[in-house]
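The residues making up each chain are set out below.
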Amino acid sequence: AQSVTQLDSHVSVSEGTPVLLRCNYSSSYSPSLFWYVQHPNKGLQLLLKYTSAATLVKGINGFEAEFKKSETSFHLTKPSAHMSDAAEYFCVVSDRAGRRALTFGSGTRLQVQP
Amino acid sequence: EAGVAQSPRYKIIEKRQSVAFWCNPISGHATLYWYQQILGQGPKLLIQFQNNGVVDDSQLPKDRFSAERLKGVDSTLKIQPAKLEDSAVYLCASSLQTSEVPEQFFGPGTRLTVL
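Residues numbered from 1 in each chain as written. Chains lettered and ligands numbered in written order. Predicted model: local features only at pLDDT ≥ 70, side-chain atom pairs only at ≥ 80, totals over all residues. Heavy atoms only, no water.

1. Concerning the overall build of chain A
At step 1: In terms of helices and strands, chain A carries 0 helices and 12 strands.
At step 2: Start at the N end of chain A and walk to the C end: the helices and strands fall as β-β-β-β-β-β-β-β-β-β-β-β.
At step 3: Its C-alpha radius of gyration of 14 Å places chain A within 12% of the 13 Å reference for a compact globule of 114 residues.
At step 4: Dimensions of chain A, computed from C-alpha atoms along their principal axes, come out at roughly 45 × 30 × 20 Å.
At step 5: When the accessible surface of chain A is summed, it comes to about 5,400 Å², and 49% of that surface belongs to carbon and sulfur atoms.
At step 6: Computed over 11 positive and 8 negative side-chain charges, the separation of the two mean positions in chain A equals 8 Å. (Helix = DSSP H or I, 4+ residues; strand = E, 2+ residues; numbered from the N terminus. Rg over C-alpha atoms; globule rule 2.2 N^0.38 Å. Areas by Shrake-Rupley, 256 points an atom, 1.4 Å probe, with all protein chains shown as cover. Lys, Arg positive; Asp, Glu negative; His and termini not counted. Charge placed at Lys NZ, Arg CZ, Asp CG, Glu CD.)

Structure (structure tokens):
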């Protein structure tokens, strides 16, 4: 079985300050992990993915995430928030065996204050 | 490259009525997924097709939900009869089955309101 816990339902930051969105996962197998972003009235977009190569993964728009097996975490970070980063972010896990289905977390809404 | 297309974008129906959603995946994508996203929650997989065969429908409420992908391209998801708790956004996604965990590309979704 696999699951994802996003530790914060809402995060508010000021423009230009760092962003940290926290995610812990549980997986019976070696997982693949993803972060997706959902802007209002737009489809989900892949930000980045981890599939057992480098533990520090760089994604689009300056985001990155670090896979920490010992902590079962995959937190998303960005050094400097931009107003356009305001959106819903989902941490997602997939077992690389079996069905390989995606299991989504409940989401973190990021607000960016001017 | 055109993305995943879905229609309609919005639908309002009364409970016990029927409704159908349509999805056209990215050209060449063999795998197609339907997800249900209830307000305030992450998407939940309902059904996964590989070409026109069902790979996983373990979370599909089969007493009221059905889905088909007859020619391995477009797909329809139907709810009959609808219940209030079916109010959600229904997302379609597609992927190439060329890697261990392929990237899924999502459509804009259909927002269903059941009154």
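Having seen the model, we can carry on.
2. Quick notes on the pattern of salt bridges
Residues and elements named next belong to chain A.
At step 1: Counting across every chain of the model gives 6 salt bridges over all chains.
At step 2: Here Asp-85 makes a salt bridge to Lys-78, at a shortest N to O gap of 2.8 Å.
At step 3: For Glu-88, the salt bridge is made with Arg-109, and the minimal N-O distance between the two is 3.0 Å. Of this pair, Glu-88 sits in strand β10 (residues 87-95) while Arg-109 sits in strand β12 (residues 108-113), and the two are 21 residues apart along the sequence.
At step 4: Glu-88 sits in the buried class, given a relative accessible area of 12%. (Salt bridge = Lys/Arg side-chain N within 4 Å of Asp/Glu carboxyl O. Buried < 20%, exposed > 50% of the residue type's maximum accessible area, 1.4 Å probe, protein only.)

3. Observations concerning the interface of chain A and chain B
At step 1: Every contact between the two is made by 19 residues of chain A and, on the other side, 21 residues of chain B.
At step 2: Buried area between chain A and chain B, summed over both chains or domains, comes out near 1,700 Å², and the portion from carbon and sulfur atoms is 51%.
At step 3: In this assembly, chain A and chain B are joined by 0 salt bridges.
At step 4: Where chain A meets chain B, there are 2 residue pairs in polar contact (both at pLDDT 80 or more).
At step 5: Within the residue set of the side of chain A that touches chain B, elements represented by two or more residues are β5 (31-38), β6 (44-50), β10 and β11 (102-104) of chain A.
At step 6: For the side of chain A that touches chain B, the leading source of residues is β5 of chain A, giving 4 residues.
At step 7: For the side of chain A that touches chain B, the class distribution of residues is 8 nonpolar, 7 polar and 4 charged. (Contact = heavy atoms within 4.5 Å. Buried area = accessible area lost by both parts, 1.4 Å probe. Polar contact = N/O pair within 3.5 Å; in protein donor to acceptor, adjacent residues only side chain to side chain. Nonpolar A, V, L, I, M, F, W, Y, C, P; charged D, E, K, R; others polar.)

4. Quick look at the pairing of strand β3 (residues 19-24) of chain B
Residue and element names in this part refer to chain B.
At step 1: What you see with β3 is a clean split: Val-19, Phe-21 and Cys-23 sit on the buried side and Ala-20, Trp-22 and Asn-24 on the side with no burial.
At step 2: Two elements, strand β1 (residues 5-7) and β3, share 3 bridges in a ladder whose sense is antiparallel. Of the residues in β3, the one forming a bridge with Ala-5 is Asn-24.
At step 3: Two strands pair when backbone bridges link them, and β3 and strand β8 (residues 75-79) are joined in this way by 5 bridges, in the antiparallel orientation. By the bridge assignment for β8, Val-19 is matched with Ile-79. (Pairing = 2+ DSSP bridges.)

Keep in mind that these numbers describe shape and distance, not what the molecule does.
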